[in-house]
Amino acid sequence: MGLELKILNVFKAYNGNPILRDCSFAFAQGCTYVLQGPNGSGKSTLLRALALLEQPDSGRVEYRDGGQILAADLELRRRITLVLPRTGIFNTTVFKNVAYGLKIRGITRAEIEARANDALLAVGLGHKKWQRALELSSGETKRLGIARAMVINPEVFMLDEPTANIDPANTAIIEGIILKLKQKRQATILMITHDPAQAQRLGDDLLFMQDGKIIPA
Amino acid sequence: MQSILEGFAAAFRLIVTLNPELWRIILLSLEVSGTALMLATIFGLPVGACLAMRRVPLRGLVISLLNTGMGLPPVAAGLFLYLFLSRSGPLGFMGLLYTPTAMIIAQCLLAFPIVASLSQAAIANVDPVIRQAAITLGATPIQESLAVVKEARYSIMAGVMAGLGRVMAEVGAIIIVGGNIAGYTRVMTTTIALETDKGNFELAIALGIILLTISFSITVGLRFFQRLGRTGTSAN
């Protein structure tokens, strides 16, 4: 069994300005969902709420495992992840960035080495593992963010505009990575894009957000 | 001019012949200032981190007090500490006055606000996305905080170097609480003051050269960490 994810009547406002309005949806486990919608429609806020970075004002985000509702604690947070639009790369080497999520879980050094190397090879950054991460290009930085997230084997993998502001070559690489993740069907994938063609290429289910609500496309 | 040149020549002789008195003074200076700085960092860094990352009561007032403390006149710090440590003072029973320990406390009082205040500023300047990234990767609250502090490490080191610069050059506080006792509490700055008063310039010049070299090294170190910090704050 894996994580089942559902949002129920979620409402979220910033400074009295409603962003999510009575937003409800049940995500099927192992599916890839692509969220589209105009700026300000609530896509990023939705992912942040699902990633437990934001608390809804009302309604709830519900994770279940084997029918049991899970508490929004560290144990659950470690089964999900969100790649932020500004990745938040640490000022250290590429390798240490990828190793971070494993290190804080107390995983052995040998296993960290093996898994981080695999993740770096998967995103095409194996040859840059000892380079300072802040010296990477925008596209490489996005790939590093994905490697850092995929190395922890999340059961719900969220990506907020993973291909925004990068060149076609890097976009193609990132799409390839997401397609491979999708084929494994180990994680439920939720990603945001403004590119309809990309949404068609990657998504099992296309969702459209408008005025803080999810509308199946 | 002749006497100045002679003074420099004699000073260089003292340095190259590894004069025991000179080296005893240098080592004591480094021991006192190093210990004071270490203590100021042990106490100052957590205070700075808490002020930057937690909702602390009277946060603004504490930051203002620390900023004021950065400009605390050493003589005033020395005077207040003297009043506390003197035989009739509240801590007089400890017998610390005119000991290296009293000098360490005095220098720690001067370095603490610098380390705490600059650490606070450094940590507060870290891009919030770093903390969020740590959370999304499964960090506990302590691991999140450590990730943020780690990101500010070069700016924090620059703050520690600024604290070192302050205590190494300080004379007012340690001469009051240390007493400038030969072979016991006499350090570089107090020796320079005393020997200049006595007209014995060789030792004063030798120590002056070494103090300038240390100050130069601190400045180079400060610039190094500031440069690393600048390249490190941009979170992609």
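The structure under discussion appears in the preceding block.
The following refers to the structure shown. Values in this document were obtained by computation on a predicted structure and should not be read as measured data.

Reading the values: the criteria
Residues numbered from 1 in each chain as written. Chains lettered and ligands numbered in written order. Predicted model: local features only at pLDDT ≥ 70, side-chain atom pairs only at ≥ 80, totals over all residues. Heavy atoms only, no water. Helix = DSSP H or I, 4+ residues; strand = E, 2+ residues; numbered from the N terminus. Buried < 20%, exposed > 50% of the residue type's maximum accessible area, 1.4 Å probe, protein only. Axes fitted to C-alpha atoms, helices over the stretch in contact; angles between N-to-C directions. Parallel < 35°, antiparallel > 145°, perpendicular 65-115°, else oblique. Left-handed = near helix turned anticlockwise from the far one by under 90°. Contact = heavy atoms within 4.5 Å. Nonpolar A, V, L, I, M, F, W, Y, C, P; charged D, E, K, R; others polar. Phe/Tyr/Trp six-rings, centres within 6.5 Å; stacked < 30°, edge-to-face > 60°. Patch = residues over 30% accessible without salt bridge, like charges linked within 9 Å, V, L, I, M, F, W, Y side chains within 5 Å. Areas by Shrake-Rupley, 256 points an atom, 1.4 Å probe, with all protein chains shown as cover. Salt bridge = Lys/Arg side-chain N within 4 Å of Asp/Glu carboxyl O. Lys, Arg positive; Asp, Glu negative; His and termini not counted. Charge placed at Lys NZ, Arg CZ, Asp CG, Glu CD. Core = buried A, V, L, I, M, F, W, Y, C linked by side-chain atoms within 4.5 Å.

1. Concerning unusual backbone geometry
Link 1 in the chain: Of note, Asp22(A) is a non-glycine position whose phi angle comes to about 50°, a positive value.
Link 2 in the chain: Of note, Leu18(B) is a non-glycine position whose phi angle comes to about 50°, a positive value.
Link 3 in the chain: Position of Leu18(B) relative to the elements: it lies in the loop between α1 (2-16) and α2 (20-53).
Link 4 in the chain: On the accessibility criterion, Leu18(B) (55% relative accessible area) is exposed.

2. Topic: the packing of helix α5 (residues 138-150) of chain A against helix α6 (residues 168-184) of chain A
Residue and element names in this part refer to chain A.
Link 1 in the chain: At their nearest, the axes of α5 and α6 sit 9 Å apart, and the two run at 15° to each other. The pairing of α5 with α6 is recorded here as roughly parallel in orientation. Crossing of α5 against α6: the hand is left-handed. Seen from α5, the contacting residues are Gly139, Glu140, Lys142, Arg143, Ile146 and Met150; seen from α6, they are Asn170, Ile173, Ile174, Ile177 and Leu181.
Link 2 in the chain: Residues of the contact of α5 with α6, tallied by class, amount to six nonpolar, two polar and three charged.

3. Some details on the packing of aromatic side chains
Residue and element names in this part refer to chain A.
Link 1 in the chain: Going through the model one piece at a time under the given rule, you end up with six aromatic pairs over all chains.
Link 2 in the chain: Here the aromatic rings of phenylalanine 25 and tyrosine 33 are separated by 5.9 Å at their centres, their planes lie at 85°, and the arrangement is edge-to-face. Just as phenylalanine 25 is buried, tyrosine 33 falls in that class too.
Link 3 in the chain: Through a chain of ring-to-ring contacts, three or more aromatic side chains come together here, namely Phe25, Phe27 and Tyr33.

4. Some words on a nonpolar patch on the surface
All names here are of chain B.
Link 1 in the chain: Where nonpolar side chains cluster on the molecular surface, the patch consists of Phe84, Leu91, Phe93 and Met94 and spans about 440 Å² of accessible area.
Link 2 in the chain: Among the structural elements, phenylalanine 93 can be located in the loop between α4 (74-85) and α5 (100-124).
Link 3 in the chain: Phenylalanine 93 gets classed as exposed once you look at its relative accessible area, which sits at 69%.

5. Side note on a positive patch on the surface
Link 1 in the chain: A cluster of basic residues, Lys96(A), Lys103(A), Arg109(A) and Lys150(B), forms a positive patch on the protein surface.
Link 2 in the chain: Position of Lys103(A) among the secondary structure elements: in helix α3 (residues 94-103).
Link 3 in the chain: Lys103(A) sits in the exposed class, given a relative accessible area of 59%.

6. Looking at the nonpolar core
Link 1 in the chain: Counting 100 residues, the largest nonpolar core has Leu144(A), Phe157(A) and Met188(B) as the members making the most contacts within it.
Link 2 in the chain: If sequence neighbours within four positions are ignored, Phe157(A) has contacts with Thr81(A), Val83(A), Ile146(A), Ala149(A), Met150(A), Leu181(A), Ala187(A), Thr188(A), Ile189(A) and Leu190(A).
Link 3 in the chain: Judged by nonpolar contacts, the second largest core, of 33 residues, contains Leu3(A), Ile7(A), Ala51(A) and Ile80(A).

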